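Coordinate analysis (summary)
If you want the building blocks of each chain, they are given just below.
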Amino acid sequence: WIRAPVHQEYDLAVTTLFLHHFEAPALELVLHKLATNCRAFVACEPRRNSFAWIGSQLLGLLGANAITREDGVTSVAAGFNAGELSALWPRFAGAQAWHLQEYLAWPFTHCFVAQHDTHSTPQ
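Throughout this description, residue numbers start from 1 for each chain and increase along the sequence as written. Where local features are concerned, this predicted model is filtered to residues with pLDDT of at least 70; where side-chain atom pairs are given and counted, the filter is 80 or more; whole-chain, interface and lining totals use all residues. Computation of side-chain values covers all heavy atoms of the structure but excludes hydrogens and water.

**Details of the overall build of the protein**
Helices and strands together make up the secondary structure of the protein, namely 4 helices and 4 strands. The way it works is that DSSP assigns letters per residue, a run of H or I at least four long becomes a helix, a run of E at least two long becomes a strand, and they are numbered from the N terminus. Walking the protein from its N terminus toward its C terminus, one meets helices and strands in the order β-α-β-α-α-α-β-β. Projected onto the principal axes, the alpha-carbon positions of the protein cover approximately 50 × 40 × 25 Å. Here the protein holds 123 residues, and the buried ones make up 29% of them. By definition in these notes, contact holds between two residues if any of their heavy atoms fall within 4.5 Å. Here the contacts in the protein between residues at least 6 apart in sequence split such that 67% fall between residues at least 24 apart. Computed with the Shrake-Rupley method and a 1.4 Å probe, the accessible areas treat only the protein chains shown as cover for residues. Surface accessibility of the protein: about 8,200 Å² in total, with carbon and sulfur atoms responsible for 60%. Across the protein, the mean location of the 7 positive side-chain charges is 3 Å away from that of the 10 negative side-chain charges. Exposure is judged per residue with a 1.4 Å probe applied to protein chains only, and the accessible area is read against the type maximum: over 50% gives exposed, under 20% gives buried, and values in between give partly exposed. Under the convention used here, Asp and Glu are negative, Lys and Arg are positive, and both His and the chain ends fall outside the count. A charged residue contributes its charge at one atom only: NZ of Lys, CZ of Arg, CG of Asp or CD of Glu.

**Description of the pattern of salt bridges**
In what follows, salt bridge is the name for a side-chain nitrogen of Lys or Arg lying within 4 Å of a carboxyl oxygen of Asp or Glu. All chains considered together, the criterion is met by 3 salt bridges. Linking Glu9 and Arg39 is a salt bridge whose minimum nitrogen-to-oxygen distance equals 3.0 Å. Pair noted here: Glu9 is in the segment before β1 (13–16) and Arg39 is in the loop between α1 (24–37) and β2 (40–46), with a separation of 30 residues, a long-range link. Given a relative accessible area of 35%, Arg39 falls into the partly exposed group. Close ionic contact of Arg48 with Glu84 constitutes a salt bridge, the shortest N to O distance being 2.4 Å. Taken together, the residues span a long stretch of sequence, with Arg48 in the loop between β2 and α2 (50–57) and Glu84 in helix α4 (residues 84–88) at a distance of 36 residues. Several salt bridges share partner residues, and in doing so they unite Glu9, Asp11 and Arg39 into one network.

**Description of the pairing of strand β4 (residues 109–116)**
Note: two strands are recorded as paired if DSSP finds a minimum of 2 bridges between them. Relative to β4, β2 runs antiparallel, the two sharing 7 bridges. Among the inter-strand pairings, Pro46 is bridged to a residue of β4, identified as Thr109. For strand β3 (residues 98–105) and β4, the ladder comprises 8 bridges, and the chain directions are antiparallel. Following the sheet pairing, Glu102 is matched in β4 by Phe112. Taking the residues between adjacent antiparallel strands as the criterion, β3 and β4 are bridged by 3 residues.

**Here we look at the sheet that holds β4**
Read from one edge to the other, the open sheet built from 4 strands follows the order β1-β2-β4-β3, with strand pairing classed as mixed. Single-partner strands in this sheet number two, and they are β1 and β3. Each neighbouring strand pair of the sheet contributes to a mean axis angle of 10°, computed without reference to strand direction. Helix axes are fitted to C-alpha atoms over the stretch in contact, other axes to C-alpha atoms as well, and angles between N-to-C directions run from 0 to 180 degrees.

**Things to note about the nonpolar core**
Taken as a class, soluble globular proteins show a tendency for nonpolar side chains to be buried jointly. Nine residue types can take part in a nonpolar core, namely buried Ala, Val, Leu, Ile, Met, Phe, Trp, Tyr and Cys, and a core is a set of them joined through side-chain atoms within 4.5 Å. Leu19, Leu31, Leu34, Phe41, Leu85, Trp89 and Phe112 are the most contacted members of the largest nonpolar core, which totals 15 residues. Elements with a contribution of two residues or more to this core: α1, β2 and β4. Per-element tally for this core: the top contributor is α1, with 4 residues. Filtering out sequence-adjacent residues up to four positions away, Trp89 remains in contact with Leu31, Leu34, Ala35, Phe41, Trp98, Leu100, Phe112 and Ala114.

Spatial relationships are all this shows, so hold off on functional conclusions.
Encoded structure:
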């Protein structure tokens, strides 16, 4: 007995320190699934900039072990900046609008917010 998958829509999906582990094709698939299954999405990821890179180099001063120090540097290198996640967010023909925001949450975090515009009408 096999059931057909049920489409469920969620009000909000949240992720932290997750998206930077994906390369572009897989990340685009993840974002597509999010856009089709939720009304709002929030992500907090490593910020890829020189300040975050310097911070990642100084993790040892906090007592971080070798694995955490290496992961910090790798995560910043794989992180996001400017409108990179907005550029990958899917655009659906005739779909309602999304409000997208990307911003720095000081000192090292890149935030992405996608909110479905429930007041717009399909084009």
